[in-house]
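Breakdown of the fold
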Amino acid sequence: MDGIHGDFYLKRPGFVLDVKLAFPARGVTALFGPSGSGKTTILRCIAGLERVVGRLRVGGEVWQDAEQWKPPHQRSLGYVFQEASLFAHLSVLDNLRYGLKRMAAAEPKNLEQAIDLLDLSPLLSRKPAKLSGGERQRAAIARAVALSPRLLLMDEPLASLDFSRKQEILPYLERLHQLREIPILYVTHSADEIVRLADHLMVIDQGRMVAQGPLGEIMTGLEPPVRLDEFAGTIVEGVIGAKDSIFYLARLDFPGGSLWLVDDGLTLGDRVRVRVLARDVSLTMEPGQSSIHNVLRGQIDGIVADNHPGLVLVRIRVGETIFLARLTKRAAQDLLLGVGQQLWMQVSHLGLVPLGA
Amino acid sequence: MLECCHFPFTLDSVLSKSDLESIGLTIRLASTVTLILLVIGTPVAWWLARTKSAWKGVLGAVVALPLVLPPSVLGFYLLMAMGPAGMVGKLTQALGFAPWPFSFGGLVVASVIYSLPFMVQPLQTAFEAIGDRPLEAAATLRASPLDAFFTVAIPLAFPGFINACVLTFAHTVGEFGVVLMIGGNLPGVTRVASVQIYDHVEALEYQAAHHLALFMMFFSFIVLLGLYMWLPRTSRES
């Protein structure tokens, strides 16, 4: 059977972990939750660094069940820790080779690919102490990727870095995501990283799984288990159906409508993914003259209170696609919004999200 | 002038044959003890550094015991145990070995026990300083625990190994009370340098005592100097 399936049970003073997880063996699955919710523990259980009661099957191979438990070194996995955790006594290249040397069927091209992917060529002969924080984390990611494991586990790989270092690493993670060769389980508590990287989402709180499913579905749920706050919104996937070469615009066609976006070298037929944040969506009864040219006809699907007492989140259905709009409670009342109502939706900003093949 | 710089010549003329013999014996004893303790002490230190067992405190205390006991106490018990009426003595007799007291072998066994903390404690500290993370990283990179121990833990703890070996060696060289209790004063067999100096003083040969004592000081200083000049360089590289 495909995919990764597991359940784990662990009891410690003041903490109980009791989760059942299932996620696809492709793309990036984000494991999201507040500090102390058990994200890292789950990752450690999957890696076998923590031995608890449970079962785990990765792409048809049993790693743990009632009868057997594979020690970590016999599991086909890669692990990127929060801090790079490179071996201080080895050069970057020897760090990268450490795992490969221990694999029966190691492909030399995997090493080269990992070095290329993370731009490590100029750093190979250096010792970890001579690297910056960002370079160290890149080397640690390459060390895990080079194994081309069945599952790559990443434990908040950006958490120990400052903002500019994060921006330095994120493009590499996006490239890794686009290659889509290795399934990744990515622990984070950053909504921004989820929106940029994840295809699938698992939300955990106090040792329990609160929600799991495709990112789009979970994000547009009306009782969002994830407090995405400023990042609340939708991911819309579609195909570039037209281009306007005079105004440098491209039209994204999705099930139920289309949106225009600024053309940064897109080609006809490209599959792209855009992020529409709830704060960038406004609602109107009559579309008038406006600087906003993305106006879609939709139907209200639901209205809920947002985190702030003055705000509401409105769920709008456009064909098969769900959008979220964040309004003030007063605006919702002035417009007499109600479930089932037809209206116009204006989108003031679209963010292009990298998409895997 | 040239002759004074010819080291062996100078040594020979200042130190007597029995002095040189005692120095040779001391170095042989300290090297043997260091090698044996490297083999015994490494797993003990590793276990102490990694275990969560309640026995950690007990073993730790036993290992540290030679630090606080007067050497004569330790020597006395060892003499009793190794003697013909002692448990170890009966065993060695039954196995057809010569009795251990007043032999080089007995000296080695006694020194191994006496110098144990000087090997185990620096190693334990070095292993503890590594922490779990590098070993976990090794495990996720397909290294078995034994593999990770040799390829990650030992290289990372290397300065600790050097430190432990030098301390053990130096401590064995400086041993006096235990040697006297267990080994006595047999020329060429158990008469190490520290005992030889004592003999010189007893015989009022202050000049000879001076020469040997000076040599020991010089030797110890050079060894430690070499170590402390070299160690920071290796740890900076890593």
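In what follows, the structure referred to is the one given above.
As the structure is a computational prediction, the values presented were derived from the model and not from experiment. (Residues numbered from 1 in each chain as written. Chains lettered and ligands numbered in written order. Predicted model: local features only at pLDDT ≥ 70, side-chain atom pairs only at ≥ 80, totals over all residues.)

1. Thoughts on the overall build of chain A
When helices and strands are counted, chain A shows eight helices and 20 strands. Relative to the globule expectation of 21 Å for 357 residues, the C-alpha radius of gyration of chain A, 22 Å, shows essentially globular dimensions. Oriented by its inertia axes, the alpha-carbon framework of chain A measures out at about 65 × 50 × 40 Å. Looking at chain A residue by residue over its 357 residues, the buried ones come to 40%. (Helix = DSSP H or I, 4+ residues; strand = E, 2+ residues; numbered from the N terminus. Rg over C-alpha atoms; globule rule 2.2 N^0.38 Å. Buried ≥ 20, exposed ≤ 12 C-beta atoms within 10 Å, placed from the backbone.)

2. Considering the environment of F32 of chain A
You can see F32 of chain A is positioned in strand β3 (residues 28-32). Counting along the chain gives 292 residues from F32 of chain A to L324 of chain A, while the straight-line C-alpha distance between them is 20 Å.

3. Concerning the packing of helix α7 (residues 133-140) of chain B against helix α8 (residues 145-156) of chain B
Residues and elements named next belong to chain B. The N-to-C vectors of α7 and α8 enclose an angle of 150°; their axes lie 10 Å apart at closest approach. On the basis of the axis angle, α7 is roughly antiparallel to α8. For the pair α7 and α8, the sense of crossing is right-handed. For the pair α7 and α8, the contacting residues are P134, L135, A138 and A139 in the first and A148, V152, A153 and L156 in the second. Partitioned by chemical class, the residues of the contact of α7 with α8 number eight nonpolar, no polar and no charged. (Axes fitted to C-alpha atoms, helices over the stretch in contact; angles between N-to-C directions. Parallel < 35°, antiparallel > 145°, perpendicular 65-115°, else oblique. Left-handed = near helix turned anticlockwise from the far one by under 90°. Contact = placed C-beta atoms within 7 Å. Nonpolar A, V, L, I, M, F, W, Y, C, P; charged D, E, K, R; others polar.)

4. Regarding the pairing of strand β1 (residues 4-12) of chain A
Every other side chain in a regular strand lies on the same face of the sheet, so the side chains alternate between the two faces. All names here are of chain A. With six bridges connecting them, β1 and strand β4 (residues 53-58) associate as antiparallel partners. Pairing of Y9 across the sheet is with V53, part of β4. With nine bridges joining them, β1 and strand β2 (residues 15-23) adopt antiparallel strand pairing. Of the residues in β2, the one forming a bridge with H5 is A22. Here β1 folds back onto β2 in antiparallel fashion, the turn holding two residues, of which G14 has a positive phi close to 80°. (Pairing = 2+ DSSP bridges.)

5. What to know about the sheet that holds β4 of chain A
What holds strands together in a sheet is hydrogen bonding between their backbones, with the strands either parallel or antiparallel. Residue and element names in this part refer to chain A. Taken in spatial order, the four strands make up an open sheet running β2-β1-β4-β5, and their pairing is antiparallel. Single-partner strands in this sheet number two, and they are β2 and β5 (61-64). Recorded for the sheet is a direction-independent mean angle of 15° between the axes of neighbouring strands.

6. Topic: the packing of helix α4 (residues 71-82) of chain B against helix α6 (residues 104-130) of chain B
Geometrically, a packed helix pair is captured by the angle between its two axes and the distance between the axes. Residue and element names in this part refer to chain B. As a packed pair, α4 and α6 sit with axes 11 Å apart at the nearest point and diverge in direction by 135°. Taken together, α4 and α6 sit at an angle that is classed as oblique. With respect to the hand of their crossing, α4 and α6 are arranged in right-handed fashion. Between α4 and α6, the contacting residues are P71, L74, G75, L78 and M82 on the first element and G106, A110, I113 and Y114 on the second. Taken together, the residues of the contact of α4 with α6 break down into seven nonpolar, two polar and no charged.

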